[in-house]
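# Summary of the model geometry
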Amino acid sequence: MTADPNSDLSSPLMTMKGSDDAIVCARHLLRAARRKFFTRPYDAVSMEDIAASAGIAEAKACGLFASKEELFASLVVQEMAAAAVEIWCRTVGSTDMETVLLQVARNYVGLFGSNRATEIYRSLICVSARFPHLGRIIYEHGARVLLERLSAYIAARSAEGCLAVSDPDLAAQQFLSLVHGNLHLREVLAAQPVSDTEIDRVIESGVRLFLSGYRRDQRQESRVARSEHLGRSADECRSAGGATSH
């Protein structure tokens, strides 16, 4: 991943070609599809229902989206891409690394623990077995966007000497796992309620653990310097021994 941490991550809600009227109609269809797909089972929704709700002829709707599956995929890609960008863009403009990571973690957990995210996740579970390629499409436009931005941020802080990270991509994945734990699974399955206090505890503990593992502090620098000094001393001893033998 080579995303620029300072780049603009404007959300590509969907790539649409055609007249302005076609783009407006497509947006109306997506809004109607959101109301239908996220409140009813996938099989209970038809293109006819969505077109009627959007106030658009079904024939015109099918001209914009070839199938219900394509419309559903476009909707979820739009939602996930917007969510991935929102998580980062809502981060406070702080230069303190811990503050930034805490805010990213709170945005991430807060957004993916929201009703909107839960509705998307449940909808995906229902159709993923029949349309497995949807998961890959959604990952590319949602989770991967966030991971690339987070990876770039970690790489930049590592280059500055704040972190000691050899694999920013892996570190980004580890960070999200640490600050989220099983909170999303519990929320989706409704196994037990998750309090704000518990969410804060998981997030703060996860950020501390991440930084304790990757932050380059004085002790690490001392160990590195000591190791380098011992290495130089050993080389000098070997060189001196070789010179004496001659």
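Here goes a summary of the coordinates provided. (Residues numbered from 1 in each chain as written. Predicted model: local features only at pLDDT ≥ 70, side-chain atom pairs only at ≥ 80, totals over all residues. Heavy atoms only, no water.)

## Thoughts on the overall build of the protein
- Within the protein, the regular secondary structure consists of 12 helices and zero strands.
- Going from the N terminus to the C terminus, the protein shows its helices and strands as α-α-α-α-α-α-α-α-α-α-α-α.
- Within the protein, the proportion of its 246 residues that are buried is 38%.
- Taking all contacts inside the protein whose residues are at least 6 apart in sequence as the whole, residues at least 24 apart take part in 69%.
- Total accessible area on the protein stands at roughly 13700 Å², and carbon and sulfur atoms take up 52% of it. (Helix = DSSP H or I, 4+ residues; strand = E, 2+ residues; numbered from the N terminus. Buried < 20%, exposed > 50% of the residue type's maximum accessible area, 1.4 Å probe, protein only. Contact = heavy atoms within 4.5 Å. Areas by Shrake-Rupley, 256 points an atom, 1.4 Å probe, with all protein chains shown as cover.)

## Comments concerning the side chain of Asn-107
- By the element assignment, Asn-107 lies in helix H5 (residues 97-112).
- By relative accessible area, which is 2% here, Asn-107 ends up buried.
- At 2.8 Å, the side chain of Asn-107 forms a polar contact with the backbone oxygen of Ile-87.
- Filtering out sequence-adjacent residues up to four positions away, Asn-107 remains in contact with Ile-87, Arg-90 and Thr-91. (Polar contact = N/O pair within 3.5 Å; in protein donor to acceptor, adjacent residues only side chain to side chain.)

## Regarding the nonpolar core
- Residues Leu-101, Leu-150, Ile-154, Phe-175, Val-207 and Phe-210 are the most contacted members of the largest nonpolar core, which totals 35 residues.
- Listed by contribution, the elements that provide at least two residues to this core are helix H4 (68-89), H5, helix H8 (143-159), helix H9 (168-180) and helix H11 (196-214).
- The element that contributes the greatest number of residues to this core is H5, accounting for nine residues.
- Ignoring sequence-local partners within four residues, the contact set of Phe-175 consists of Leu-101, Val-104, Ala-105, Leu-150, Val-207 and Phe-210. (Core = buried A, V, L, I, M, F, W, Y, C linked by side-chain atoms within 4.5 Å.)

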